[in-house]
Amino acid sequence: MNKRDLSVSLQRANSTALYIGIPVVVFQFTLFSELHNGQNTQTTGSSIIFLVIVLAGIVVHELIHGLTWMIFGSKPFSTIKFGIQWKALTPYAHLSEPIEVNAYRLGAIMPGVILGIIPYLLSLILGNGNLLWFSMIHLTAAGGDWLVVWLLRKVKKGTLVEDHPTQAGCYVYESV
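Not measured: the values here are computed from a predicted model.

Conventions used here
Residues numbered from 1 in each chain as written. Predicted model: local features only at pLDDT ≥ 70, side-chain atom pairs only at ≥ 80, totals over all residues. Heavy atoms only, no water. Patch = residues over 30% accessible without salt bridge, like charges linked within 9 Å, V, L, I, M, F, W, Y side chains within 5 Å. Areas by Shrake-Rupley, 256 points an atom, 1.4 Å probe, with all protein chains shown as cover. Salt bridge = Lys/Arg side-chain N within 4 Å of Asp/Glu carboxyl O. Helix = DSSP H or I, 4+ residues; strand = E, 2+ residues; numbered from the N terminus. Core = buried A, V, L, I, M, F, W, Y, C linked by side-chain atoms within 4.5 Å. Buried < 20%, exposed > 50% of the residue type's maximum accessible area, 1.4 Å probe, protein only. Contact = heavy atoms within 4.5 Å. Pairing = 2+ DSSP bridges. 1 Å grid on protein atoms, 1.4 Å probe; cavity = no way out; pocket = protein on both sides within 12 Å on 5 of 7 lines; lining within 4 Å. Points joined across faces, edges and corners; volume = space filled by probe spheres on them. Axes fitted to C-alpha atoms, helices over the stretch in contact; angles between N-to-C directions. Parallel < 35°, antiparallel > 145°, perpendicular 65-115°, else oblique. Nonpolar A, V, L, I, M, F, W, Y, C, P; charged D, E, K, R; others polar. Expected span 1.5 Å × (residues − 1). Bend = angle between axes of the 7 residues up to and from the residue. Polar contact = N/O pair within 3.5 Å; in protein donor to acceptor, adjacent residues only side chain to side chain.

Caption draft 1: Here's a closer look at a nonpolar patch on the surface. A cluster of nonpolar side chains, contributed by V59, L63, L67, I71, F72, F77 and F82, occupies part of the molecular surface with about 640 Å² of accessible area. Looking at which element gives the most residues to the nonpolar patch, the answer is helix 2 (residues 47-72), with five residues. Residue position: F77 is located in the loop between helix 2 and strand 2 (80-85).

Here it is as structure tokens:
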């Protein structure tokens, strides 16, 4: 077996997330604004409560990674470690055992779907500025996860991957 590294530094993942996220956020905001005649584009209620909800969303983001890997990769919860890499100011979920690549991909995209795309669609339907901003923040935060999925685009179904312990991405186990 050949162990190939398909990872990037957390700093690179974060900068890529911003680079990709800015045009996505502009698109989200513009579409929302067009559909709702420029109204309801601000958050309502307490800024402190909104901030607490966004910060709680960061914790939930990492839990979604872990729970998805656990469920779709048939892994026990004990194989998932959570923490913060202080050097990059980045929270993480780390799976300590190899997993099939499609289960890994699913675990990578689920936070962006659940905390970004779904709230955005709801914001469009409901005209809710709080959901708009929540979704824009969390879709941007998932940018590094989308980068990891992009790095794995040529890896075939059934291939085992092992989450990288310190970077965004994984090792890919390939037959020689």
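Caption draft 2: Geometry of the nonpolar core. Counting residues in hydrophobic clusters, the biggest one holds 21 residues, and the most contacted among them are I99, Y104, L152, V161 and V172. Elements with a minimum of two residues in this core: strand 1 (2-8), helix 1 (10-35), strand 3 (90-95), helix 3 (101-126), helix 5 (143-151) and strand 6 (168-174). Excluding residues within four positions of it along the chain, V161 makes contact with E97, P98, I99, V101, Y104, C170, Y171, V172 and Y173.

Caption draft 3: Focus on the pairing of strand 2. Two strands pair when backbone bridges link them, and strand 2 and strand 3 are joined in this way by six bridges, in the antiparallel orientation. In the sheet register, Q85 faces strand 3, and the bridge partner there is T90. Taken together, strand 2 and the strand that follows it, strand 3, pair antiparallel across an intervening segment of four residues, in which L89 is found at a positive phi of about 50°.

Caption draft 4: How the structure looks around the layout of surface pockets. Taken as a whole, the largest pocket encloses approximately 720 Å³ of empty space. Around the largest pocket, the lining is made up of 34 residues, and of these N14, E62, T90, P91 and D145 lie nearest the centre. Here the second largest pocket is characterised by a volume of approximately 160 Å³. In terms of lining, the second largest pocket is formed by A17, I20, G21, V24, I117, L139, T140, G143 and W146. Elements that contribute at least two residues to the lining of the second largest pocket include exactly helix 1, helix 4 (129-141) and helix 5.

Caption draft 5: Summary view of the packing of helix 4 against helix 5. Packing of helix 4 against helix 5 brings their axes to within 4 Å, and their N-to-C directions diverge by 40°. On the basis of the axis angle, helix 4 is oblique to helix 5. Of the residues in helix 5, those touching helix 4 at L139, T140 and A141 are G143, G144 and W146. Broken down by class, the residue content of the contact of helix 4 with helix 5 amounts to three nonpolar, three polar and no charged.

Caption draft 6: Seen up close, helix 3. With 26 residues, helix 3 should reach 38 Å at 1.5 Å per residue; the first-to-last C-alpha distance of 36 Å fits that figure. For helix 3, the principal kink sits at V113 and spans about 40°. Where helix 3 begins, one side-chain oxygen reaches toward the backbone nitrogen of N102, 2.8 Å away; that side chain belongs to E100. Looking one or two places after helix 3, you find G127, whose phi comes out positive at around 65°.

Caption draft 7: Expanded view of helix 4. Taking 1.5 Å per residue, 13 residues should reach 18 Å; helix 4 reaches 18 Å between its end C-alpha atoms and fits that length. Among the residues of helix 4, G129, L132, F134, S135, M136, H138, L139 and T140 are the ones counted as buried. Buried residues belonging to helix 4 abut helix 1, helix 2, helix 3 and helix 5. The opening residue of helix 4, the one whose side-chain oxygen lies 2.8 Å from the backbone nitrogen of N130, is N128.

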